[in-house]
Every structure is written in C-alpha cells, then in structure tokens.
Amino acid sequence: MTEKLLEKCLDIFTKEILPITEKGVSEGNKIFGAAILKKKDLSLVVAGSNNETENPIWHGETYTLKKFYEISKDTRPSEKDCIFLCSHEPCSLCLSAITFSGFDNFYYLFPYKITDNEFSIPHDLKILKEVFKVNNGEYNKENSYWKSHSIHMLIEKLSNLKKEKFMNQLEEIKKSYIILSNKYQASKNENFIPLK
C-alpha cells in the first residue's frame, strides 16, 4: 500500500496541487497547498492552495477544507474515509482545523525546518514556540485524534531501488516549490497578508 499511496500522492502534487499553487502565488499567496483523497481508491476529492490574499486564515489546508465542505453532504465522503495531504507540515491553525474536522490522518511533504530554512517562511515554528511553548515543532505526531506521516520518511523506509524513483520525483516537486517560493518572496511586500 505504501508504494501505491506514495505514487498517487506525488502524482497529485504534480498534476493538481502545484498548478493551483502556481496560480495562487501569481496572485500574491504563499506556497502551501493540500488535497483530500478517498482512502478506498486514492481518488482525488478536492485540492486547494493558499488563499491568504482573500482571507488570512485561508491557508492551503483550511482553504481545501472550505472547498471540501462545499461539496454536498450526499456526495461528500466521511472524513474518516479520507486521506488529508499537505505540501508542508501544517501550522497550528491547520493542525487544529484538521483535528476539528475529524480527519484521522494527514501526510505532508516538507517538514517545518524546510519551510523555515529553504522556503523562508518561519511563522509555523515561531507561533508554536511563542504561543504554545512547543520547541522545534515537536508536537505529538500520533495522538487520539490523528496520526501524521512524513512522505519523505515513508520514502526513506523503502528498499534502495524503490527509494531512488520516489526520491527523484520528490526532488522534482521540491524544485517546483523552490521556484514558486522565490516568486512569492520577491513579491510578498506588495500583498496584504499580515504574516508574510
């Protein structure tokens, strides 16, 4: 299941989340994106990206949740039957939103340290430390609400032959995010996001 899940997740980043994120960055938004998949067949339910220029709480995850709850109750899958996929390890706002929504999992590509060091967006770690006294982003990653999964760590657990394929894909996705991050950083002073 891990390989099939990794393949699907990386495919969704490439074909669904990154194109939406590229459009969002061109409108002055940050690089965070998310998607919700059905556990049963890994089909995409909805994908979204950061929309903070419209509303400062429309982070990639919260905006994706907004889109998810706009789907009719008759056709929308149960949260427990879904996988929540994030481009970056969720901030405290998004961790809470995922929790209050009833999802029992989330998977992310880039941990907080990469978000801070390589994408120059330090707010996740700063807020966790200043508001919640959580150092180095070390929240409880498996608890009674959900279990978090690092996609990078899942790839690391594979055999070397399989690992190489997925690491190459991950590197290509990361390159795309670095390009988008540079565009965001170059234009961020022109937008109206409170925490840039």
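Residues numbered from 1 in each chain as written. Predicted model: local features only at pLDDT ≥ 70, side-chain atom pairs only at ≥ 80, totals over all residues. Heavy atoms only, no water.

Enquirer: So what exactly am I meant to see when it comes to the overall build of the protein chain here?
Expert: The number of helices and strands found in the protein chain is 7 helices and 5 strands. When the helices and strands of the protein chain are listed from N to C terminus, the series reads α-β-β-α-β-α-β-α-α-β-α-α. What you see for the protein chain is a C-alpha radius of gyration of 16 Å, in line with the 16 Å of a compact globule of 196 residues. With the principal axes as the frame, the protein chain shows a C-alpha extent of 45 × 40 × 35 Å. Sorting the 196 residues of the protein chain into buried and exposed places 50% on the buried side. Sequence separation of at least 24 residues holds for 62% of the intrachain contacts in the protein chain that already meet a minimum separation of 6. Summing over all exposed atoms, the protein chain offers an accessible surface of approximately 10,100 Å²; the carbon and sulfur share of this is 52%. Of note, the protein chain has its 28 positive side-chain charges centred 2 Å away from the centre of its 27 negative side-chain charges. (Helix = DSSP H or I, 4+ residues; strand = E, 2+ residues; numbered from the N terminus. Rg over C-alpha atoms; globule rule 2.2 N^0.38 Å. Buried < 20%, exposed > 50% of the residue type's maximum accessible area, 1.4 Å probe, protein only. Contact = heavy atoms within 4.5 Å. Areas by Shrake-Rupley, 256 points an atom, 1.4 Å probe, with all protein chains shown as cover. Lys, Arg positive; Asp, Glu negative; His and termini not counted. Charge placed at Lys NZ, Arg CZ, Asp CG, Glu CD.)

Enquirer: Looking at this model, I keep getting lost on helix α1 (residues 2–26). Mind explaining?
Expert: Note on helix geometry: an α-helix contains 3.6 residues per turn, so any two residues three or four positions apart are oriented the same way. Taking 1.5 Å as the rise per residue, α1 with 25 residues should run 36 Å; its terminal C-alpha atoms sit 34 Å apart, in good agreement. Within α1, the axis deviates most sharply at Phe-13, by approximately 40°. Looking only at α1, the buried set comprises Leu-5, Leu-6, Cys-9, Leu-10, Ile-12, Phe-13, Ile-17, Leu-18, Thr-21, Gly-24 and Val-25. Packed against the buried residues of α1 are β1 (33–38), β2 (44–49), β3 (82–88), β4 (105–110), α6 (151–156) and α7 (160–187). Where α1 ends, the next residue or the one after it, Gly-28, has phi of about 100°, a positive value. (Expected span 1.5 Å × (residues − 1). Bend = angle between axes of the 7 residues up to and from the residue.)

Enquirer: What should I look at first to understand unusual backbone geometry in this one?
Expert: Leaving glycine aside, a negative phi is the common case for residues, and trans is the common case for peptide bonds. With phi around 55°, Ser-120 is a residue other than glycine that occupies positive phi space. Of note, Ser-120 is situated in the loop between α4 (112–117) and α5 (123–132).

Enquirer: Quick question: what am I supposed to make of the environment of Glu-3 here?
Expert: Position of Glu-3 relative to the elements: it lies in helix α1. Ignoring any residue separated from it by four or fewer positions in sequence, one finds Glu-3 in contact with Leu-158, Lys-162 and Phe-166. At a separation of 3.0 Å, a polar atom in the side chain of Glu-3 contacts the side chain of Lys-162. (Polar contact = N/O pair within 3.5 Å; in protein donor to acceptor, adjacent residues only side chain to side chain.)

Enquirer: Even after reading the chapter, I still don't get the pattern of salt bridges, so can you show me in this structure?
Expert: Where charged atoms from two side chains of opposite charge approach closely, those side chains can pair. A full pass over the atoms with the stated rule returns 12 salt bridges. Here Lys-15 ties to Asp-11 by a salt bridge, and the two come within 3.1 Å at their closest N and O atoms. You can see Lys-15 and its partner Asp-11 sitting in helix α1, 4 residues apart, about one turn around the helix. Looking at Asp-11, the relative accessible area reads 27%, which means it is partly exposed. Here Lys-66 ties to Glu-70 by a salt bridge, and the two come within 2.5 Å at their closest N and O atoms. (Salt bridge = Lys/Arg side-chain N within 4 Å of Asp/Glu carboxyl O.)

Enquirer: Can you walk me through the packing of α1 against α7 in this structure?
Expert: If you want to describe how two helices pack, look at the angle between their axes and the distance between the axes. Interhelical geometry of α1 versus α7 gives an angle of 10° and a closest axis separation of 11 Å. The angle between the axes of α1 and α7 places the two elements in the roughly parallel class. Between α1 and α7 lies a crossing whose hand is left-handed. Across the interface between the two elements, Glu-3, Leu-6, Glu-7, Leu-10, Phe-13, Thr-14, Ile-17, Leu-18, Thr-21, Glu-22 and Val-25 of α1 pack against Lys-162, Lys-165, Phe-166, Gln-169, Leu-170, Ile-173, Ser-176, Tyr-177, Leu-180, Lys-183 and Tyr-184 of α7. Its residues assigned to classes, the contact of α1 with α7 shows 12 nonpolar, 4 polar and 6 charged. (Axes fitted to C-alpha atoms, helices over the stretch in contact; angles between N-to-C directions. Parallel < 35°, antiparallel > 145°, perpendicular 65-115°, else oblique. Left-handed = near helix turned anticlockwise from the far one by under 90°. Nonpolar A, V, L, I, M, F, W, Y, C, P; charged D, E, K, R; others polar.)

Enquirer: Before we go on, may I ask you to explain the packing of helix α2 (residues 60–69) against helix α3 (residues 92–101) in this structure?
Expert: At a minimum axis separation of 9 Å, α2 and α3 run at an interaxial angle of 25°. When the interaxial angle is binned, α2 and α3 end up roughly parallel. Residues Glu-61, Thr-62, Leu-65 and Tyr-69 of α2 lie in contact with α3, whose contacting residues are Leu-93, Cys-94, Ala-97, Ile-98 and Ser-101. For the contact of α2 with α3, the residue count by class is 6 nonpolar, 2 polar and 1 charged.

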